[in-house]
Amino acid sequence: MSEPVRAQSALRLRLLLSAVFLPLSLAGAAYFGQWAADTGTGDSPGRGMLVVIAVVCGALALLAAADLLVVIRRLRSERGIPAPH
């Protein structure tokens with residue numbers, strides 16, 4: 001058996017990636033949402049597609065925020081710092 005009992009991920013890399021992609025995803029959601037709001041009938045791409053892209057960017061932002069919180073909590077627990085209540 002060569003696998004560790006408790007696998008560890010690269011927390012600092014996850015922290016960096018979440019910290020970079022959270023604002024990018026939020027900016028993408030805002031950009032595509034505004035573009036969708038300004039789209040008229042007959043424009044290409046259509047409003048529906050832009051809304052879908054904005055929602056996907058928003059979902060990615062939520063995922064990055066959740067991962068950021070998990071990584072921060074794990075890093076604090078490794079250092080022995082109590083988590084705030």
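Structural data are supplied above this passage.
Cut-offs applied
- Residues numbered from 1 in each chain as written.
- Predicted model: local features only at pLDDT ≥ 70, side-chain atom pairs only at ≥ 80, totals over all residues.
- Heavy atoms only, no water.
- Helix = DSSP H or I, 4+ residues; strand = E, 2+ residues; numbered from the N terminus.
- Buried < 20%, exposed > 50% of the residue type's maximum accessible area, 1.4 Å probe, protein only.
- Contact = heavy atoms within 4.5 Å.
- Phe/Tyr/Trp six-rings, centres within 6.5 Å; stacked < 30°, edge-to-face > 60°.
- Axes fitted to C-alpha atoms, helices over the stretch in contact; angles between N-to-C directions.
- Parallel < 35°, antiparallel > 145°, perpendicular 65-115°, else oblique.
- Left-handed = near helix turned anticlockwise from the far one by under 90°.
- Nonpolar A, V, L, I, M, F, W, Y, C, P; charged D, E, K, R; others polar.
- Core = buried A, V, L, I, M, F, W, Y, C linked by side-chain atoms within 4.5 Å.
- Expected span 1.5 Å × (residues − 1).

**Quick notes on the side chain of serine 25**
Here is step 1: If you trace the backbone, serine 25 turns up in helix 1 (residues 11-38).
Here is step 2: A relative accessible area of 10% places serine 25 in the buried class.
Here is step 3: Excluding anything up to four places from it in sequence, serine 25 contacts Cys57, Leu60 and Ala61.

**Describing the packing of aromatic side chains**
Here is step 1: With the rule as written, the count across this model stands at three aromatic pairs.
Here is step 2: With centroids separated by 5.9 Å and ring planes inclined at 55 degrees, the aromatic side chains of tyrosine 31 and tryptophan 35 adopt a geometry described as tilted. Remark: tryptophan 35 and tyrosine 31 occur in helix 1; sequence separation between them is four residues, near one turn of the helix.
Here is step 3: Judged by its relative accessible area of 53%, tyrosine 31 falls in the exposed class.
Here is step 4: What makes tryptophan 35 partly exposed here is its relative accessible area of 35%.
Here is step 5: Between phenylalanine 32 and tryptophan 35, the ring centres sit 6.0 Å apart and the planes meet at 20 degrees, which makes this aromatic pair stacked. Here phenylalanine 32 pairs with tryptophan 35, and both are found in helix 1, just three residues apart, close to one helical turn.

**Quick notes on the packing of helix 1 against helix 2 (residues 47-79)**
For any two helices packed against each other, the geometry is given by the interaxial angle and the distance between the axes.
Here is step 1: Interaxial distance between helix 1 and helix 2 falls to 7 Å at its minimum, and their mutual angle equals 155 degrees. Between helix 1 and helix 2, the angle falls in the class roughly antiparallel. Judged by the sense of rotation from one axis to the other, the crossing of helix 1 with helix 2 is left-handed.
Here is step 2: Of the residues in the contact of helix 1 with helix 2, the class split is 25 nonpolar, five polar and seven charged.

**Quick notes on the nonpolar core**
Here is step 1: Grouped together as the largest cluster of nonpolar side chains are six residues: Ala29, Phe32, Ala36, Leu50, Ala54 and Cys57.
Here is step 2: Not counting residues up to four positions away in its chain, the partners in contact with cysteine 57 are Ser25, Gly28, Ala29 and Phe32.

**Notes on helix 2**
Here is step 1: When the terminal C-alpha atoms of helix 2 are compared, their 48 Å separation across 33 residues agrees well with the 48 Å that a helix rising 1.5 Å per residue should span.
Here is step 2: Those residues of helix 2 not exposed but buried are Leu50, Ala54, Cys57, Ala61, Ala64, Leu68, Val71 and Leu75.
Here is step 3: Contact partners of the buried residues in helix 2: helix 1.
Here is step 4: Phi turns positive, to about 85 degrees, at glycine 80, one or two residues after helix 2.

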